[in-house]
Amino acid sequence: MFKSFFLSRRWWSWSLLGSAIILYATWYRVGLDVRINEWFGSFYDLVQRALTTPRSVTLDEFGGELMVFLRIAMLYVSIAVVLEFFIKHYIFRWRQAMNDYYMSHWERLRTIEGAAQRVQEDTMRFARIMEGLGVEFMRSIMTLGAFLPILWVLSEKVTELPWVGEVPHSLVWVAIMSAMFGTVLLAVVGFKLPGLEFQNQRVEAAYRKELVYGEDHHERASPPVVSRLFSDVRRNYFRLFFHYLYFDVAKWSYLQFSVLIPLIALAPTVVAGVITLGVMQQITRAFDRVEGSFQFLVLSWGTIVELLSVYKRLRAFEQQIRAEPEPVQAPA
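Because the structure is a prediction, the values reported are computed rather than measured. (Residues numbered from 1 in each chain as written. Predicted model: local features only at pLDDT ≥ 70, side-chain atom pairs only at ≥ 80, totals over all residues. Heavy atoms only, no water.)

**Observations concerning helix α6 (residues 170-189)**
Move 1: With 20 residues, α6 extends 29 Å between its outermost C-alpha atoms, agreeing within 8% with the 28 Å of an ideal straight helix rising 1.5 Å per residue.
Move 2: Every buried residue of α6 is accounted for by Ser 170, Leu 171, Val 172, Val 174, Ala 175, Ser 178, Ala 179, Gly 182, Thr 183, Leu 186 and Val 189. (Helix = DSSP H or I, 4+ residues; strand = E, 2+ residues; numbered from the N terminus. Expected span 1.5 Å × (residues − 1). Buried < 20%, exposed > 50% of the residue type's maximum accessible area, 1.4 Å probe, protein only.)

**Focus: the packing of aromatic side chains**
Move 1: For the coordinates displayed, the defined rule picks out 23 aromatic pairs.
Move 2: Centroid distance Phe 43 to Phe 62: 5.4 Å. Interplanar angle 55°. Geometry classified as tilted. One end of the pair, Phe 43, is in helix α2 (residues 12-52); the other, Phe 62, is in helix α3 (residues 59-104), and 19 residues separate them in sequence.
Move 3: When its relative accessible area of 33% is taken as the criterion, Phe 62 is described as partly exposed.
Move 4: With centroids separated by 6.2 Å and ring planes inclined at 55°, the aromatic side chains of Phe 181 and Tyr 254 adopt a geometry described as tilted. Taken together, the residues span a long stretch of sequence, with Phe 181 in helix α6 and Tyr 254 in helix α8 (residues 223-258) at a distance of 73 residues.
Move 5: Taking relative accessible area as the criterion, Phe 181 reaches 52% and is therefore assigned exposed.
Move 6: Among the aromatic residues, ring-to-ring pairing joins Phe 5, Phe 6, Trp 11, Tyr 90, Trp 94 and Phe 126 into one connected group. (Phe/Tyr/Trp six-rings, centres within 6.5 Å; stacked < 30°, edge-to-face > 60°.)

**A word on a nonpolar patch on the surface**
Move 1: A surface patch of nonpolar side chains, about 680 Å² in accessible area, is lined by Trp 163, Val 164, Phe 257, Leu 260, Leu 263 and Ile 264.
Move 2: Residue classification places Phe 257 among the partly exposed residues on the basis of a relative accessible area of 47%. (Patch = residues over 30% accessible without salt bridge, like charges linked within 9 Å, V, L, I, M, F, W, Y side chains within 5 Å. Areas by Shrake-Rupley, 256 points an atom, 1.4 Å probe, with all protein chains shown as cover. Salt bridge = Lys/Arg side-chain N within 4 Å of Asp/Glu carboxyl O.)

**Considering the domain arrangement of the protein**
Move 1: Taken domain by domain, the protein consists of domain 1 (1-157 + 295-322) and domain 2 (160-274).
Move 2: Inter-centroid distance (C-alpha atoms) of domain 1 to domain 2 is 21 Å.
Move 3: Counting residues at the interface gives 21 residues for domain 1, matched by 29 residues for domain 2.
Move 4: Between domain 1 and domain 2, a total of about 2,200 Å² is buried, with carbon and sulfur atoms accounting for 67% of that surface.
Move 5: It is Trp 152, Val 298 and Trp 301 that lose the most area in domain 1 upon contact with domain 2, and together they represent 28% of the buried surface on that side.
Move 6: Seen at the junction of domain 1 and domain 2, the total is zero salt bridges.
Move 7: For the pair domain 1 and domain 2, the number of links is two residue pairs in polar contact (both at pLDDT 80 or more).
Move 8: Looking at the side of domain 1 that touches domain 2, the elements with two or more residues in it are α5 (115-154), α11 (296-299) and α12 (301-322).
Move 9: Take the side of domain 1 that touches domain 2: its biggest share by element is seven residues, from α12. (Domains from an automatic or database assignment. Contact = heavy atoms within 4.5 Å. Buried area = accessible area lost by both parts, 1.4 Å probe. Polar contact = N/O pair within 3.5 Å; in protein donor to acceptor, adjacent residues only side chain to side chain.)

**Examining the confidence of the model for the protein**
Move 1: Across the protein, the average pLDDT comes to 82, with 95% of residues at 70 or higher.
Move 2: Confidence, read as mean pLDDT per element, is least for α11 in the protein (73) and greatest for α3 (89). (pLDDT = per-residue confidence, 0-100.)

In structure tokens, the structure reads:
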């Protein structure tokens with residue numbers, strides 16, 4: 001899955017140079033997000049001044065602030081569109097490298113049950129998941145590196161936390177504790193999901209294989225056999241639905257409550273009136289970025305479960321390539 005792309009001389013221009021381009025472009029996007037966060041502070045301070053003192057802000061000043069945001073946003077959108085287009089090509093080359101590697105060992109792999117599915121569908125799903133999950137992971141790391149120092153400095157403006165009192169750089173610790181709680185919660189609640197997803201693909205593969213054989217052989221895919229195989233699919237899906245039910249209850253309850261966390265943490269500071277509306281906007285936005293980066297596992301758990309399932313199947317597939325061929329016995 002990785003050596004065929006990153007350690008192959010044929011793909012170095014894509015795997016190494018392409019990775020460098022993606023990292024730089026992602027870092028540049030995060031930098032633009034930081035500039036937007038700074039704009040929120042100045043803009044909402046302007047709004048507060050306009051609402052507090054009528055006629056103290058002119059339309060030119062207000063429109064000028066909007067134009068600043070528009071310039072940053074247009075550059076952000078342009079970078080995002082070009083980057084997404086490049087990533088799609090990058091990921092497809094990765095899939096092609098995997099496909100070429102597996103097909104070069106096809107004579108050994110063709111006898112494995114579901115070999116065609118793993119070469120075609122699993123490599124496609126692996127590429128699709130890595131396109132979203134891998135890039136989002138890099139973006140989370142870079143966002144954390146950019147916004148954590150900002151939140152660290154802005155936390156000095158927070159006077160105290162409810163029920164706790166004064167804590168240096170309090171919002172950073174609140175964001176970390178909130179994300180850790182959510183990550184541990186969903187890891188505990190969803191620990192059965194990877195195994196169920198893996199089993200789900202096995203019963204789906206068995207059902208698909210029988211139908212494919214039935215296309216060429218009249219004696220295959222008989223109603224009793226198909227009914228039994230589909231019953232296995234149905235039973236596994238219903239188990240999966242049940243486990244996702246309480247997992248989703250925990251996930252969405254936590255995500256909805258987490259919206260209130262920065263507001264609760266800022267309550268004494270807001271009531272004391274020691275920060276402006278612009279500073280509050282900067283703090284809440286920086287808090288959301290830091291907490292969201294720490295919540296990567298929480299927000300991506302369903303996709304990670306799917307990736308683990310695909311990885312386990314491809315890993316078992318590759319073990320057949322590395323396995324020693326059985327010795328040919330001499331005739332007696």
